[in-house]
Amino acid sequence: MVDELGTVRRTHLSSILNPSLEGQDVTVMGWIIAVRIHGSITFVTIQDRHGPIQVVAKRKVCTDSVRNTLSTLKYHSSVAVSGKVAKSERAPGGIEIIPHNVHVFSAVTKIPPFEPAAISIKNIDTRLESRCIDLRREPLQHIFRARSVVLSAIRNYFLGNDFTEISTPKIIASATEGGASLFSIFYYDKEAFLAQSPQLYKEQLTMSFEKVFEIASIFRAEPSRTNRHLAEAISIDMEEAFVDYNDIMSQVAEVVRVAADAVRQYVKQNDGVKFEPPNTDKIPQYTYQELSERIQDAGSNMEWGDDLHPSWLRKIKLEGLYFIKDWPMGPKPFYVKTSAKNPKISESFDLMHNDLELSSGSTRVQDKNILESNLKKKGMKVASFKHHLSAFEYGMPPHAGCGIGLERLMMALTDTENIRDAVFYPRDVDRLGP
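What counts and what doesn't
Residues numbered from 1 in each chain as written. Predicted model: local features only at pLDDT ≥ 70, side-chain atom pairs only at ≥ 80, totals over all residues. Heavy atoms only, no water. Core = buried A, V, L, I, M, F, W, Y, C linked by side-chain atoms within 4.5 Å. Buried < 20%, exposed > 50% of the residue type's maximum accessible area, 1.4 Å probe, protein only. Helix = DSSP H or I, 4+ residues; strand = E, 2+ residues; numbered from the N terminus. Contact = heavy atoms within 4.5 Å. Salt bridge = Lys/Arg side-chain N within 4 Å of Asp/Glu carboxyl O. Polar contact = N/O pair within 3.5 Å; in protein donor to acceptor, adjacent residues only side chain to side chain. Arc of directions from axis to C-beta. Pairing = 2+ DSSP bridges. Phe/Tyr/Trp six-rings, centres within 6.5 Å; stacked < 30°, edge-to-face > 60°. Lys NZ or Arg CZ within 6 Å of the ring centre and 35° of its normal.

What's the story with the nonpolar core in this structure? I'm lost.
Side chains of nonpolar character tend, in soluble globular proteins, to be buried together. Core analysis: the largest hydrophobic core is formed by 55 residues, its most contacted members being F158, M238, V252 and L409. Top contributing element to this core by residue count: helix α6 (residues 245–269), with 13 residues. Beyond its immediate chain neighbours, meaning those up to four positions away, L409 contacts V150, I154, I236, V256, A259, L358 and I404.

Could you clarify how one ought to interpret the pattern of salt bridges in this entry?
Two side chains that carry opposite charge are able to pair once their charged atoms sit near each other. Following the criterion strictly, the structure yields 24 salt bridges and no others. Salt-bridge contacts for R431 lead to D125; the nearest nitrogen and oxygen are separated by 3.2 Å. Of this pair, R431 sits in the segment after α11 (406–414) while D125 sits in helix α2 (residues 124–129); the two residues are 306 residues apart in sequence, bridging distant segments of the chain. Using a relative accessible area of 10% as the deciding quantity, one classes R431 as buried. The class for D125 is partly exposed, based on a relative accessible area of 43%. Residue D261 pairs with R257 through a salt bridge whose shortest N-O separation is 3.1 Å. Of this pair, D261 and R257 are both found in helix α6, four residues apart, which corresponds to roughly one turn of the helix. Residue classification places D261 among the partly exposed positions, given a relative accessible area of 33%. R257 gets classed as partly exposed once you look at its relative accessible area, which sits at 29%. In this structure, a network of salt bridges that share partners links the residues R127, R131, D134, R137 and D421.

Quick question: what am I supposed to make of the side chain of R137 here?
Its place among the elements puts R137 in the loop between α3 (131–134) and α4 (138–160). A distance of 2.9 Å separates the side chain of R137 from the backbone oxygen of I119, its partner in a polar contact.

Got a minute to help me understand helix α7 (residues 288–297) in this structure?
Burial in α7 covers these residues: Y288, L291, S292 and I295. Within α7, the buried residues cover an arc of 100° as seen down the axis, which keeps them to one side. The secondary structure elements touched by the buried residues of α7 are β12 (285–287), α8 (310–315) and β13 (321–325). Within two residues after α7, G299 carries a phi angle of roughly 100°, on the positive side.

Explain the sheet that holds strand β11 (residues 232–241) to me, please; I cannot follow it from the model alone.
Backbone hydrogen bonds hold the strands of a sheet together, and the pairing may be parallel or antiparallel. On the basis of which strands lie adjacent, the open sheet formed by eight strands has the order β6-β10-β11-β16-β15-β14-β13-β12 and mixed pairing. One side of each edge strand has no neighbouring strand; the edge strands of this open sheet are β6 (164–165) and β12. Pairing of strand β15 (residues 356–363) with strand β16 (residues 399–405) involves five bridges; the strand directions are antiparallel. When the bridges of β16 are listed, S360 appears paired with G403.

How should the environment of F183 be read in this particular structure?
Tracing the backbone through its elements, the reader meets F183 in the loop between β7 (171–172) and β8 (184–187). Taking the relative accessible area as the measure of exposure, F183 reaches 30% and is therefore partly exposed. Setting aside its immediate chain neighbours within four residues, F183 contacts A192, F193, L194, F219, R220, A221 and A231.

Help me out: how do you make sense of the packing of aromatic side chains in this one?
The description of an aromatic ring pair uses the distance of the two centres, along with the angle that the planes make with each other. For the structure on display, the rule yields 11 aromatic pairs. Taken together, a centroid distance of 4.2 Å and an interplanar angle of 25° make the contact between F144 and F424 stacked. Residue F144 is found in helix α4, and its partner F424 is found in the segment after α11; the two are separated by 280 residues along the sequence. What makes F144 buried here is its relative accessible area of 9%. F424 sits in the partly exposed class, given a relative accessible area of 36%. Between F158 and F213, the aromatic rings sit 4.6 Å apart at their centres with planes inclined by 20°, giving stacked as the arrangement. Separated by 55 residues along the polypeptide, F158 in helix α4 and F213 in strand β10 (residues 211–219) bring together distant segments of the chain. For the pair F158 and F213, one class covers both residues: buried. Over the ring of Y286 we find R294, and its NZ or CZ is 5.7 Å from the ring centre.

Geometric descriptors of this kind do not, in isolation, establish any biological role.
Here's what the structure looks like:
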């Protein structure tokens, strides 16, 4: 038998309960994370969105009905407890609740796969199968609350620097970067794709708004089973007119600094949180050529033009945040501009944290003829991009931009090893649920 909410309402969150409220009647709500019975005393810990609250039910102090109800509750049950505030130096916030009424809104009817207070659980699939209660665990609570303040800080940064927030289609007619990592879908009587990025739209929007940003989902059908790849991710995209990739690198450095400062502030406000964001005071820049020479000198058999594999970056002991710029032109998307100094080099960059790529950006091609030539060289159909190419006939400004992977950024800011712990409900090669 469970109780209806009816007229019962919370009066206090855990964050505002304190010893000065001693003797006052309060109603708290949340879920059960601990039940301990010591003789005639039952200790119950309730967790709300801000933290834990201790409830102490003693025989002859509260009714047998209330004490029995609390004693039989299982972890994760959803409840409201009404009672008086009492001082307690050992309890969270220095107070405990002496209950006189309990409302059980949802009683757990089976044994949960893990305790809500568990710090770590080795099998991530066990957690992901019960993600709704996995997300009640304190370590994940802090990751996602930090994620929220990071998103707020980044959005405020863009808006404060005269960027316009945009929303672009996620169902598109042609590939942005080639067909190898596209999810195809049926769109009425046509073939369509889930967007790999907002690239083409955000370029066009610089014609009208000059400075734009978007925080939204992207989709990549890469068959990668690693702790750093997702099929659906959140990308923080920016695009700006009348700048080049050097200006965008400066913007990225500022965005990451703002995000890191937001996490540091979160740590200060939450006791026990041990996130240590990387140093953002000065982010060094290395050219691809410079790093390839260092890798070769370290004994690796890489050739110029190869991607810089994580194992090679670890071998030359690159740590913290750093940029790699001036990448070879060969593998870059058709919209990336060639360096005026060397046709084999692109005006592009990656932002790295240790051996993990966080962001990729470049100066964009603004000449329609060059875009058409690049598409043909890459074996892509020019006709599929006719709408995009037509925009370049109406005064496309010089422009540059980038995308930052939110989940990877959060990995760097919170020392998270598996990207799935930076996503509420991850999607990868093997997981399409819950």
